[in-house]
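Structural features, examined
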Amino acid sequence: MTNTFSPSFIDKADVNVPKTHRFHQLFVQLQAYQGVDILPYTDDNDLLTGLVREQAIKHYDNLLQNKSTVQACVLVLITDEPNPKLLLTRRSSHLNSHAGEVSLVGGKRDGCDATSVDVALREAYEEIGLDKKYVQILGYLPMQISKKGLLVRPVVASIAPEAVKTLVANADEIDRVFWLPLQVLHTQPIDFVFDRSSSTTSATKLHTPAWLYDSDGDGKAEIIWGLTGRILASLMQIGFGRTHAWYYRLSTD
């Protein structure tokens, strides 16, 4: 791997989806989006206060002014079937970043990548063995800023349902793969509470939207929140007209 990026990198390459495709209307909605191409930090965010908030706002303004481009990509992969499902993973517990969290497949841009689609598909092949011949690119969502400051481009695509059984998780990166019914994202996420207390701080709780989904019926629901949740909320708003407010609120209750 090399960190030298190609100067001819194409972020949002042209996409063509036939009118007969199940997700043609989603393609149309993604194409029609005219908002900002880098989504700001959510205003309702108790994690950003004082100087931290000022620095975050300055960082965002710099990203817009400098026309910053993609540093990482994720693949929002939906099955092409009457009751669509969306691919999610739980990251391996030994990873240095986002260990054990629910995530979309994807990762950092590499020097060999010519487009955002290349990044997303290469990472999907490395993580779950996805063969790009099964994939129809549908479009792009606005970039999000990760908590490490990376600009992340979501690439939206569909997959032939018969290809689902060909996917195998790379155990070095992923503990499990599961499929979330798209209908779940039409429902309002719950106000989920994380306990942030420690031996050196007073009891603090973090409130944030999350979807809970028990994918295998064992009573242990996956928690879909954070950057992944915000990307899926963006998909629902732009692609399906369903708005979910996003926030990070602290309390001591």
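Given the structure is predicted, the values throughout are model-derived calculations rather than measurements. (Residues numbered from 1 in each chain as written. Predicted model: local features only at pLDDT ≥ 70, side-chain atom pairs only at ≥ 80, totals over all residues. Heavy atoms only, no water.)

1. Focus: the pattern of salt bridges
What the rule picks out here adds up to 12 salt bridges. We note a salt bridge from Arg122 to Glu126, for which the minimum N-O separation is 3.3 Å. A residue pair is termed a helical-turn pair when its members lie 3 or 4 positions apart in one helix, as Arg122 and Glu126 do in helix H3 (residues 116-128) at four residues. For Glu126, a relative accessible area of 29% corresponds to the partly exposed category. Measuring nitrogen to oxygen at the nearest pair gives 3.4 Å for the salt bridge that ties Arg176 to Asp216. Within this pair, whereas Arg176 is found in strand S8 (residues 174-181), its partner Asp216 is found in the loop between strand S10 (205-213) and strand S11 (222-224), the two being separated by 40 residues in sequence. (Salt bridge = Lys/Arg side-chain N within 4 Å of Asp/Glu carboxyl O. Helix = DSSP H or I, 4+ residues; strand = E, 2+ residues; numbered from the N terminus. Buried < 20%, exposed > 50% of the residue type's maximum accessible area, 1.4 Å probe, protein only.)

2. Here's the deal with the nonpolar core
Core analysis: the largest hydrophobic core is formed by 65 residues, its most contacted members being Leu75, Leu86, Leu88, Leu130, Val156 and Leu232. Top element by residues in this core is strand S1 (residues 72-79). It accounts for seven residues. Apart from residues lying up to four places away in sequence, Leu88 is in contact with Val102, Ser103, Leu104, Arg176, Val177, Phe178, Leu180, Ile224, Thr228 and Leu232. (Core = buried A, V, L, I, M, F, W, Y, C linked by side-chain atoms within 4.5 Å. Contact = heavy atoms within 4.5 Å.)

3. Concerning the environment of Ala13
Within the secondary structure, Ala13 sits in the segment before helix H1 (24-32). Ala13 gets classed as partly exposed once you look at its relative accessible area, which sits at 25%.

4. Examining H1
What H1 keeps buried is the set His24, Leu26, Phe27 and Leu30. Viewed along the axis of H1, the buried residues span an arc of 155 degrees, placing them on a single side of the element. (Arc of directions from axis to C-beta.)

5. Regarding the packing of H1 against helix H4 (residues 226-240)
Orientation of H1 relative to H4, taken along the N-to-C sense of each, is 100 degrees, at an axis distance of 8 Å. In terms of orientation, H1 and H4 fall into the roughly perpendicular class. Between H1 and H4, the residues in contact are Leu26, Gln29 and Leu30 and Leu235, Ile238, Gly239 and Phe240, respectively. Across the contact of H1 with H4, the residue classes tally to five nonpolar, two polar and no charged. (Axes fitted to C-alpha atoms, helices over the stretch in contact; angles between N-to-C directions. Parallel < 35°, antiparallel > 145°, perpendicular 65-115°, else oblique. Nonpolar A, V, L, I, M, F, W, Y, C, P; charged D, E, K, R; others polar.)

6. Regarding the packing of aromatic side chains
For any two aromatic rings, the description comes down to two numbers: the centre-to-centre distance and the angle of the planes. Here the structure, examined in full by the defined rule, presents three aromatic pairs. Aromatic side chains Phe192 and Phe194 sit 4.8 Å apart centroid to centroid with 65 degrees between the ring planes, which places their arrangement in the edge-to-face category. With a centroid separation of 4.4 Å and 40 degrees between ring planes, the pair formed by Phe194 and Trp225 is classed as tilted. Of this pair, Phe194 sits in strand S9 (residues 190-195) while Trp225 sits in the loop between S11 and H4, placing them 31 residues apart in sequence. (Phe/Tyr/Trp six-rings, centres within 6.5 Å; stacked < 30°, edge-to-face > 60°.)

7. As for the pairing of S1
Among the eight residues that make up S1, eight are buried, leaving the element largely enclosed by the rest of the structure. Residues Ala72, Val74, Val76 and Ile78 line one face of S1 and the alternating positions Cys73, Leu75, Leu77 and Thr79 line the opposite face, and both faces are buried. Across four bridges, S1 lies against strand S4 (residues 105-108) in antiparallel orientation. Looking at the pairing, Leu75 lines up with Val105 of S4. Two strands pair when backbone bridges link them, and S1 and strand S7 (residues 151-159) are joined in this way by eight bridges, in the parallel orientation. In the sheet register, Ala72 faces S7, and the bridge partner there is Val152. (Pairing = 2+ DSSP bridges.)

8. Quick notes on unusual backbone geometry
At Lys67, a residue that is not glycine, the phi angle is positive and equals roughly 50 degrees. You can see Lys67 is positioned in the loop between helix H2 (50-65) and S1.

In short, the description is geometric, and any link to function would need to be established separately.
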